[in-house]
Amino acid sequence: MSETVAIVVVTYNRADLLERMLAGLSALEHVPDAVIVVDNATTDHTAQVLAEATTPNLQVIRTEENVGGAGGFHRGVRSAYDQGFDRIWLMDDDVVPAPDCLSVLMAADEDCLTAVREDLEGRLVEKAAVRFDLANPLALKPKTAMVETEYGERSRMPERVEVENVAFEGFMVRRRVVERIGLPDPSYFIFYDDVDFALRARRAGWRIWALREAVLVRQLPFDQQHDLSGWKGYYMYRNLFAVHFRYGENRAVRLKPWLLTAAVVLLSPLRGGRGEALNVIRALRSARGMRTPPVASVD
């Protein structure tokens, strides 16, 4: 029997991007059984875009407050799971799938899959890690190699590549994975909620495969140079530390957040100044309260 699939999209104040994205979903060769859009308390014209959308099987969940991407995916995946769909495909509002993208994913008999992103010029920009190292305390960042840097071009990729983390931009999971490991963790708010989910899935025994022919086009350029003294910087530090505390494979790795905090504070006069130093101290304090992974249940 063919499997059912729900697409979960989280959006916040990017109505024009969402409109293009929904048009892409409407053009899919494989018609999804549901498109669940989590409207994250938007204040722009997102409501109008959703009201006028002709995307098949569209459902809208509107939150009363902005719960972040992590909170949005938590709610969207719960809704898809509660409705009994066999597969759940997660994505942000700034990507557009190729017409055959969902067909390629659904044809693969694997529990954890991800599409492969390219930019508007057709360049490979897939950041999913092929090596995510939580064993080496000397690795400044755990992502030591990714699809983009490993292969350079989509044509050089094998048909499928095993990856060790994912972005919630094209990640597909079967419901039995959610049933076993639980929902995305809303406490991350933004950043690393997808990494956390992938780590839990892999530690439960699943492998994650990036499919070369599942093409997802990113509408915006990647910009990872966030202001580390601003609110996004706080979440980047806090959630990176939480991942180390939760999943570090030895004591030295679990001590890295303390060492990184000390280094940032010492170097703050040369970097982000007082704002970054305060951010990283707050982040460390908060991350200590996130040491325990979420309950492996959807109840």
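In case you missed it, the structure is sitting above this.
Notes on the structure in this doc start here. (Residues numbered from 1 in each chain as written. Predicted model: local features only at pLDDT ≥ 70, side-chain atom pairs only at ≥ 80, totals over all residues. Heavy atoms only, no water.)

**A few points about the layout of surface pockets**
Stage number 1. Estimates place the volume of the second largest pocket at around 150 Å³.
Stage number 2. In terms of lining, the second largest pocket is formed by Asp119, Leu120, Glu121, Arg123, Val125, Lys127, Arg218, Gln219, Leu220, Pro221 and Phe222. (1 Å grid on protein atoms, 1.4 Å probe; cavity = no way out; pocket = protein on both sides within 12 Å on 5 of 7 lines; lining within 4 Å. Points joined across faces, edges and corners; volume = space filled by probe spheres on them.)

**Quick notes on the pattern of salt bridges**
Any two side chains of opposite charge can pair, given that their charged atoms come close.
Stage number 1. In total, this model carries 25 salt bridges according to the counting rule given.
Stage number 2. With its nearest N and O atoms 2.8 Å apart, the salt bridge here joins Arg117 to Glu169. Of this pair, Arg117 sits in strand β6 (residues 112–118) while Glu169 sits in the loop between β9 (160–163) and β10 (171–174); the two residues are 52 residues apart in sequence, bridging distant segments of the chain.
Stage number 3. Since its relative accessible area comes to 5%, Glu169 is described here as buried.
Stage number 4. In this structure, Arg156 engages Glu153 in a salt bridge whose closest nitrogen and oxygen atoms are separated by 3.9 Å.
Stage number 5. For Arg156, a relative accessible area of 56% gives the class exposed.
Stage number 6. With relative accessibility at 41%, the residue Glu153 sits in the partly exposed group.
Stage number 7. Where salt bridges share partners, they join Arg14, Asp93, Asp94, Arg117, Glu126, Glu169 and Arg218 into one cluster. (Salt bridge = Lys/Arg side-chain N within 4 Å of Asp/Glu carboxyl O. Helix = DSSP H or I, 4+ residues; strand = E, 2+ residues; numbered from the N terminus. Buried < 20%, exposed > 50% of the residue type's maximum accessible area, 1.4 Å probe, protein only.)

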